[in-house]
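The residues making up each chain are set out below.
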Amino acid sequence: MTRFLPRTAPPIRAGGLVAATALLLAAAPHTVASAAPTAAAPVVALGGPAETALHPYAEGGDGPKRSTARITVTGADDTAYEGGFTVTFDLTGAAGTADVAFEPEAGIECAATAPGSATCTGHGISPGRSTVTDLLLTAAKGSEQGDTGTIRVTGEAEGTAFTPFTTEVTVGGPDLVMHRLPFDHEPVPGQKQQAPITFTNRGSRAADGVVLTLRHSRGLDIPQRYSNCAYTTDEAWTTARCTVEGAFEAGATYTLAAPLTLKTTDRAYRDIFGYGIYEAGAAGTVRGATAARATRGTTGEVLRAVPAPRPMAARALDLEPGDNEHEADFRTENTADFVAYGDTASGRAGATVTARLGFRNDGPAWIGHLRSGESVAAVDFTVPQGATVTSAPEGCRGVSAEGTALPSGWTGPAPRYVCPTPATVRDDGGLDLSFGLRIDKVLLGAVGRVVVRGPELRAAGLPFDPEPGNNTARVVLNGESGGPSPAPSDGPGDGASGTPGSATPTPTTGGAGTGAGGTVAPGAAQNTATGSGGSLAATGSSTAMAASGLAVTALTAGLVLFTAARRRRRA
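Residues numbered from 1 in each chain as written. Predicted model: local features only at pLDDT ≥ 70, side-chain atom pairs only at ≥ 80, totals over all residues. Heavy atoms only, no water.

A.B. asks: For the overall build of the protein chain, give the residues involved together with the corresponding values.
C.D. replies: In terms of regular secondary structure, the protein chain is built from zero helices and 42 strands. Relative to its 571 residues, the protein chain shows a buried fraction of 49%. Within the structure as shown, the protein chain displays about 25700 Å² of accessible surface, and the carbon and sulfur contribution to it stands at 51%. (Helix = DSSP H or I, 4+ residues; strand = E, 2+ residues; numbered from the N terminus. Buried < 20%, exposed > 50% of the residue type's maximum accessible area, 1.4 Å probe, protein only. Areas by Shrake-Rupley, 256 points an atom, 1.4 Å probe, with all protein chains shown as cover.)

A.B. asks: Describe the sheet that holds strand S5 (residues 81-90), listing the residues and the values that go with them.
C.D. replies: The strand order S3-S12-S10-S5-S8-S7 describes an open sheet built from six strands, whose pairing is mixed. Looking along the sheet, the strands with just one partner apiece sit at the ends: strand S3 (51-54) and strand S7 (109-114). With direction set aside, neighbouring strand axes in the sheet form an average angle of 25°. Pairing between S5 and strand S10 (residues 148-156): five bridges, direction antiparallel. The partner of Asp-90 across the bridge, within S10, is Arg-152. (Pairing = 2+ DSSP bridges. Axes fitted to C-alpha atoms, helices over the stretch in contact; angles between N-to-C directions.)

A.B. asks: How would you summarise the pairing of S10 if you had to cite specific residues and measurements?
C.D. replies: As a general feature of sheets, a regular strand has side chains that alternate between the two faces. Relative to strand S12 (residues 165-171), S10 runs antiparallel, the two sharing six bridges. Bridge pairing in S12 links Thr-148 to Thr-170.

A.B. asks: Explain the nonpolar core to me, using residue names and the numbers behind them.
C.D. replies: With 39 residues, the main nonpolar core has Phe-338, Phe-435 and Leu-437 as its most contacted residues. The biggest single contributor to this core is strand S34 (residues 430-439), with five residues. Look past the residues within four positions of Leu-437 in its chain and what remains in contact with it is Ala-351, Thr-352, Val-353, Ala-355, Phe-381, Val-383, Pro-384, Thr-388, Val-389, Thr-390, Val-475 and Leu-477. Formed by 31 residues, the second largest nonpolar core is a distinct cluster that contains Ile-71, Val-73, Cys-110 and Val-153. (Core = buried A, V, L, I, M, F, W, Y, C linked by side-chain atoms within 4.5 Å. Contact = heavy atoms within 4.5 Å.)

A.B. asks: Describe the sheet that holds strand S14 (residues 192-195), naming the residues involved and giving the relevant values.
C.D. replies: Sheet strands line up and pair through hydrogen bonds in the backbone, either parallel or antiparallel. Read from one edge to the other, the open sheet built from three strands follows the order S14-S21-S17, with strand pairing classed as antiparallel. Each edge of the open sheet is held by one strand with a lone partner, namely S14 and strand S17 (220-221). Where S14 lies against strand S21 (residues 260-264), four bridges are found, and the strand directions are antiparallel. Bridge pairing links Gln-194 to Thr-261 in S21.

A.B. asks: Residues and numbers for the pattern of salt bridges, please.
C.D. replies: What the rule picks out here adds up to 13 salt bridges. A salt bridge links Arg-205 to Glu-279; its shortest N-O distance comes to 3.3 Å. Pair noted here: Arg-205 is in the loop between strand S15 (198-201) and strand S16 (207-217) and Glu-279 is in strand S22 (residues 270-279), with a separation of 74 residues, a long-range link. Of the two residues, Arg-205 and Glu-279, neither departs from the other in class, the shared state being buried. A single network of salt bridges, built from pairs that share partners, joins Arg-215, Glu-327, Asp-329 and Arg-371. (Salt bridge = Lys/Arg side-chain N within 4 Å of Asp/Glu carboxyl O.)

A.B. asks: Any details on unusual backbone geometry? Residues and values, ideally.
C.D. replies: For the bond running from Gly-363 to Pro-364, omega is 5°, close enough to zero to count as cis. Here Pro-364 shows up in strand S27 (residues 352-364). Positive phi outside glycine occurs at Asn-478, with the angle close to 55°.

A.B. asks: A description of the state of the cysteines should follow, citing residues and the corresponding values.
C.D. replies: Enumeration according to the criterion identifies three disulfides in this entry. Bridging Cys-396 to Cys-419, the disulfide has an S-S length of 2.0 Å. Classification of the bridge connecting Cys-396 and Cys-419 rests on its S-S torsion, roughly 115°, and on that basis the disulfide is right-handed. Of this pair, Cys-396 sits in the loop between strand S30 (387-392) and strand S31 (397-399) while Cys-419 sits in strand S32 (residues 416-420), and the two are 23 residues apart along the sequence. Exposure remark for Cys-396: the relative accessible area of 15% places this residue in the buried category. (Disulfide = S-S within 2.5 Å.)

Set out below in structure tokens:
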């Protein structure tokens, strides 16, 4: 379902003192192509924010500011519902606290049905989460700071069960606004910059404790670690969540007692630093961080260390959550040397051997496409003459000898394979691949080409790589020596164009295979490289090389906050 552009929606007064004009959107129903529900009724869950803060009611001007609460429905992962459904909103629990208008998803119609009640109707629920409507919430006239209310959401559809949902609305709340820091966005390796984190509470009440979130990619580091911060790391990111007790009053500005230090490391290239501020318990899951075990920092050398705080009650109130955080992008002049490696193997006609190939990143930089999520590079493997691929790593796609797409419906082995990397390649990583090769015809010194290049054939260069000469390597079958194969000499297949070179093998007097192909069977690929290939005996298995990696350097921040602007009394 696609969210349509905002429209003016009539308010529905909770409690029904004024039943609003119905909001009807004449959009065509959305049809989901899937099987009808089975005998066991599928269960779908209604959801949304647990709590939403409302700007206090204000007369005159443009009227009260709106807050938004998005109501969603989550269908079963493998089951779609094709029939009609109805979602009902009981607004009586928010009488006198909130006025509600509806901005439904395209294909859904919402209308007031009775005082203090409204319904949204639609057709089709796809697997996964989709939006039903945005509740546009304003504080009701006569409401006061701290007033709360509830909105209960239920649903019904033939043959489908709905899990109900209740959301709470509260008049007033903090509005924590993070100030943007003036970084040098083109640092050099080893450069240090101060990060005096500063924020203001522009809301209508004090924040009961705050959580500072700090997130940086692998090329950056914050040396300070403190006991009131919990740290997590994954392949690309280090994240800290630092909790500070206290009342951070409306109208006041706060900053760190001592600024943090953001260091550009020797492995930096394209990096991101994110920093945000939330009321305690409202930070939730930090965007971009995968599941990882959090570790509590130890007391470090700080001006005044803040002890680990006691647990606080979860809150989710912020009048304008969109201004709670900022991100800074950094471009560092640096290089990463991607070194291709190949393999050698020997066997008789009909034997299957394993060829291990790929590349390693000799650094010093790590390379990550953190914004786009696109592959950093690709390994381009041309199969040696006289051999057929029997198993290829998962994610590798077969292409023609020229590197173009194979005809539609192709199911057999290919003469060439392209294997993309993930969106990040660590400075101690790379890509290890394992191919099963059947020797159909014994050719002395049959050579296959391995090229690590850009992810697209038309842009095969690696702009960060200072040594393009080591971007190619060989896979040699039945060579005269059993040692590792050197990289081929420069020429038409030097990797600059992405076109593997070729070598003319010498036929032996041994038997020849049929050359018949079979269906490519997925193998296994690792995301980190360990070194160069070596001589292998004939085998019937396809095994991947063990991955290696270093733990990500730990991060950030110790917090002692002090008031940077005089606190204003509430009227």
